[in-house]
Amino acid sequence: MDEPTSTLTWPDSALSSYGDMLTVGEVSRVINLGERSVRDLLTTSDPASRLPAVRIGKNWRIPREQLRAYLLAHHNEQAALNPQDDERGTS
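Thresholds applied
- Residues numbered from 1 in each chain as written.
- Predicted model: local features only at pLDDT ≥ 70, side-chain atom pairs only at ≥ 80, totals over all residues.
- Heavy atoms only, no water.
- Pairing = 2+ DSSP bridges.
- Helix = DSSP H or I, 4+ residues; strand = E, 2+ residues; numbered from the N terminus.
- Core = buried A, V, L, I, M, F, W, Y, C linked by side-chain atoms within 4.5 Å.
- Buried < 20%, exposed > 50% of the residue type's maximum accessible area, 1.4 Å probe, protein only.
- Contact = heavy atoms within 4.5 Å.
- Axes fitted to C-alpha atoms, helices over the stretch in contact; angles between N-to-C directions.
- Parallel < 35°, antiparallel > 145°, perpendicular 65-115°, else oblique.
- Nonpolar A, V, L, I, M, F, W, Y, C, P; charged D, E, K, R; others polar.
- Polar contact = N/O pair within 3.5 Å; in protein donor to acceptor, adjacent residues only side chain to side chain.

Asks: Hey, could you go over the sheet that holds strand β2 (residues 54–56) for me, with residue numbers and the actual values?
Replies: One open sheet accounts for three strands, arranged β1-β3-β2; its pairing is antiparallel. In this open sheet, the two edge strands, each paired with only one partner strand, are β1 (21–22) and β2. Summarising the sheet, β2 and strand β3 (residues 59–63) pair through three bridges and their orientation is antiparallel. Residue pairing in the sheet places isoleucine 56 in a bridge with asparagine 59 of β3.

In structure tokens, the structure reads:
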């Protein structure tokens, strides 16, 4: 959080305004998914696709650095470069 957002690259630019631990709602905003989908990533039985987190009582906290690593590991660069290839509902 020391560097200005304009000099940061993805995903650091998306995470720069958050603290060291993010809530499910904050992660939802960062990755543009619903909170239910984020919770599904936290509890999936597939360890390769599980989002690392800590459960405190009924609440989840996601370490920013682990979210950053997760995003980098699961980023589909080709889809990001060609978003029109992911059109759904068209014939």
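Asks: Provide a residue-level description of the nonpolar core, including the pertinent values.
Replies: Counting residues in each nonpolar core, the largest one holds 14 residues, and the members touching the most others are Leu22, Val27, Leu42, Leu51, Ile62 and Leu67. Of all the secondary-structure elements, those providing two or more residues to this core are α2 (24–31), α3 (35–43), β3 and α4 (64–74). Setting aside its immediate chain neighbours within four residues, leucine 67 contacts Leu15, Leu22, Val27, Leu51 and Ile62.

Asks: Account for the packing of α2 against α3, with residues named and values stated.
Replies: Axis separation between α2 and α3 bottoms out at 9 Å; the angle between their running directions is 105 degrees. With respect to α3, the axis of α2 lies roughly perpendicular. Taken together, the residues of α3 that come into contact with α2 (itself represented by Val24, Gly25, Val27, Ser28 and Ile31) are Glu35, Val38, Arg39, Leu41 and Leu42. Here the residues of the contact of α2 with α3 are counted per class, giving six nonpolar, two polar and two charged.

Asks: Can you lay out the side chain of arginine 64 for me, pointing to particular residues and giving the numbers?
Replies: Considering the arrangement of structural elements, one finds arginine 64 in helix α4. Engagement of the side chain of arginine 64 in a polar contact is seen with the backbone oxygen of tyrosine 18, the distance being 2.7 Å.

Asks: Break down α2 for me, with residues and values.
Replies: Of the positions making up α2, those classed as buried are Val24, Gly25, Val27, Ser28 and Val30. Residues of α2 that are buried sit in contact with α1 (12–15), β1, α3, β3 and α4. Downstream of α2 by a residue or two, asparagine 32 has a phi angle that is positive, lying close to 60 degrees.

Any link to function would need more than the numbers given here.
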